[in-house]
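Structural overview
Chain by chain, the residues run as shown.
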Amino acid sequence: GLHWIVAGHGDDAPLAAALDALLPPHVRRSTLGDASLGELAAWLEEARLFLGNNSGPMHLAAAVGTPSAVTYALTNPQHTPWAVPA
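Structural notes, computed from the coordinates.

The rules behind each value
- Residues numbered from 1 in each chain as written.
- Predicted model: local features only at pLDDT ≥ 70, side-chain atom pairs only at ≥ 80, totals over all residues.
- Heavy atoms only, no water.
- Helix = DSSP H or I, 4+ residues; strand = E, 2+ residues; numbered from the N terminus.
- Buried < 20%, exposed > 50% of the residue type's maximum accessible area, 1.4 Å probe, protein only.
- Contact = heavy atoms within 4.5 Å.
- Arc of directions from axis to C-beta.
- Pairing = 2+ DSSP bridges.
- Right-handed = clockwise from strand over helix to strand, strands pointing away.
- Axes fitted to C-alpha atoms, helices over the stretch in contact; angles between N-to-C directions.
- Parallel < 35°, antiparallel > 145°, perpendicular 65-115°, else oblique.
- Left-handed = near helix turned anticlockwise from the far one by under 90°.
- Nonpolar A, V, L, I, M, F, W, Y, C, P; charged D, E, K, R; others polar.
- Core = buried A, V, L, I, M, F, W, Y, C linked by side-chain atoms within 4.5 Å.

Points about the overall build of the protein
Helix and strand content of the protein: three helices and two strands. Reading the secondary structure of the protein in the N-to-C direction produces α-α-β-α-β. When the 86 residues of the protein are sorted by exposure, 23% land in the buried category. The long-range fraction of contacts in the protein, counting pairs at least 24 apart against all pairs at least 6 apart in sequence, stands at 19%.

Now the structure itself:
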């Protein structure tokens, strides 16, 4: 029942393909640039975990209450997503 969603720009297609190749076929689901902001928020709201970098989708995940694992570079821990397990 695990779904992997890659959200990004069409330029991210090589990275998405590399990530998908690491997962068994029954786990794959990718989207690149074809989702609206509302659709992305809805997917994030249903997600068990957001895994990504310090980005707009990270803030969307926090806004809809999704626990997050976020990579940061040289930042203060106080900048983790607010009000969600991180």
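Things to note about the environment of glycine 33
Within the fold, glycine 33 resides in the loop between helix H1 (13-21) and helix H2 (37-46). When its relative accessible area of 61% is taken as the criterion, glycine 33 is described as exposed. Expressed as a C-alpha distance, the spacing of glycine 33 and alanine 13, which sit 20 residues apart in the sequence, is 9.6 Å.

Some details on H2
Buried within H2 are the following residues: Leu40, Ala41 and Leu44. Buried residues of H2, viewed axially, fall in a sector of 100°; they line one side. Along H2, exposed side chains directed more than 90 degrees from the buried face belong to Glu45 and Glu46. Elements that come into contact with the buried residues of H2 comprise strand S1 (50-53) and helix H3 (56-63).

Description of the pairing of S1
Sheet faces and side chains relate simply in a regular strand, where the side chains alternate between the two faces. Pairing of S1 with strand S2 (residues 68-71), which is carried by four bridges, proceeds in the parallel orientation. Bridge pairing in S2 links asparagine 53 to threonine 71. A crossover connection joins S1 to the parallel S2 through H3; in handedness this β-α-β unit is right-handed.

Things to note about the packing of H2 against H3
Close contact between H2 and H3 brings their axes to 9 Å; oriented N to C, the two are set at 55°. On the basis of the axis angle, H2 is oblique to H3. For the pair H2 and H3, the crossing hand works out as right-handed. In contact with Leu37, Leu40, Ala41 and Leu44 of H2, H3 contributes Pro57, Leu60 and Ala61. Looking at the contact of H2 with H3, its residues break down into seven nonpolar, no polar and no charged.

A few points about the nonpolar core
In terms of nonpolar packing, the biggest core is built from eight residues, these being Leu40, Ala41, Leu44, Phe50, Met58, Leu60, Ala61 and Val70. Elements with a contribution of two residues or more to this core: H2 and H3. Residues within four places of leucine 40 in sequence aside, it is in contact with Ala7, Pro57 and Leu60.

Shape descriptors only; they carry no functional weight alone.
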